Amino acid sequence: MTRIVPLNNVDHAELRVLAGHGARFGDAVNQAVVFASEFEALQRDYAILLRRNAEGAYRAVVLLGVERDENLFLDGDRWDARYVPALHARGPFSIGVSGDGEPMIHVDLDHPRVDPAGEPVFRDHGGNAPLLDRATAALRAVYAGRALGEAMIAGWSALGLIAPVTLQLDLAADRRVNVPDCHTIDTARLAALDGAALERLHREDLLRPAIWMASSLDNVRHLLDRKLRRDAAVSF
């Protein structure tokens, strides 16, 4: 049974957590759910897209690989990018709500990262160790991003800015991989908006993430380059 409990520096003074990345930590996936609060950092390395979840609602994701369970940003136990998506950077930590409604950091004591060989979570005298500071920053992105996500999608949808996009990756002369069910920002529609619509997007801080999402599609080419290099190294 998973043991998720509120984190504190008394009960968990000796808690240690493994850093790094790998399949055993759930990082071997070809996409990651992301949040609007991360878009500025994400668009430098990843293609940000909208895909529908099981309930049919849009959610933002970044592409990490082409094949099933393939993360082309994993290099041994290292994540090869300037920014790691928050859900993969938070480790065993999550945000829960206390009895008075305040958000609190929780820890999954059965998470594979919880290990005596890992880094300390707290300093000797009770302050946060660097590992917890990093996790806390990731949790802030998740917590803030969830609140922004529905408003962002609603705002874009109201202006007709969300459009399907077809991604075709040519891995060889006779091998093409299609990434289905993807949506992005319709840049022609965005450019055609009148001043009032643009002012509304700017006022609600929905213009910047729209531009970041649209421009991030250039990173599909870099993802393909990673895939070709990885396949060439395996076949060598």
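This write-up is about the structure you can find in this document. Computed from a predicted model, the values in this text were never measured in an experiment. (Residues numbered from 1 in each chain as written. Predicted model: local features only at pLDDT ≥ 70, side-chain atom pairs only at ≥ 80, totals over all residues. Heavy atoms only, no water.)

With respect to the overall build of the chain
So, step 1. On a plain count of helices and strands, the chain comes out with seven helices and 12 strands.
So, step 2. With respect to the principal axes defined by its C-alpha atoms, the chain has extents near 55 × 55 × 30 Å.
So, step 3. Sequence separation of 24 or more characterises 68% of the internal contacts of the chain that already satisfy a separation of 6 or more.
So, step 4. Summed over all atoms, the accessible surface of the chain reaches about 13000 Å², with 51% contributed by carbon and sulfur.
So, step 5. Here the chain carries 27 positive and 33 negative side-chain charges, and the mean point of each set is 3 Å from the other. (Helix = DSSP H or I, 4+ residues; strand = E, 2+ residues; numbered from the N terminus. Contact = heavy atoms within 4.5 Å. Areas by Shrake-Rupley, 256 points an atom, 1.4 Å probe, with all protein chains shown as cover. Lys, Arg positive; Asp, Glu negative; His and termini not counted. Charge placed at Lys NZ, Arg CZ, Asp CG, Glu CD.)

Side note on the sheet that holds strand β1 (residues 4-6)
So, step 1. Here three strands make up an open sheet; going across it, the order is β1-β9-β8 and the pairing antiparallel. Of all strands in the sheet, those with a lone pairing partner are β1 and β8 (93-97), marking the two edges. Strand after strand, the sheet turns through a mean of 45 degrees between neighbouring axes, direction not considered.
So, step 2. Bridge analysis of β1 against strand β9 (residues 103-108) gives three bridges, and the strand direction is antiparallel. Residue isoleucine 4 lies in a different strand from β9, and its bridge partner there is aspartate 108.
So, step 3. On the sheet, helix α3 (residues 130-158) packs against β8 and β9 and is oriented at approximately 55 degrees with respect to β8. (Pairing = 2+ DSSP bridges. Axes fitted to C-alpha atoms, helices over the stretch in contact; angles between N-to-C directions.)

Such coordinate-based values are descriptive only and should not be taken to indicate function.
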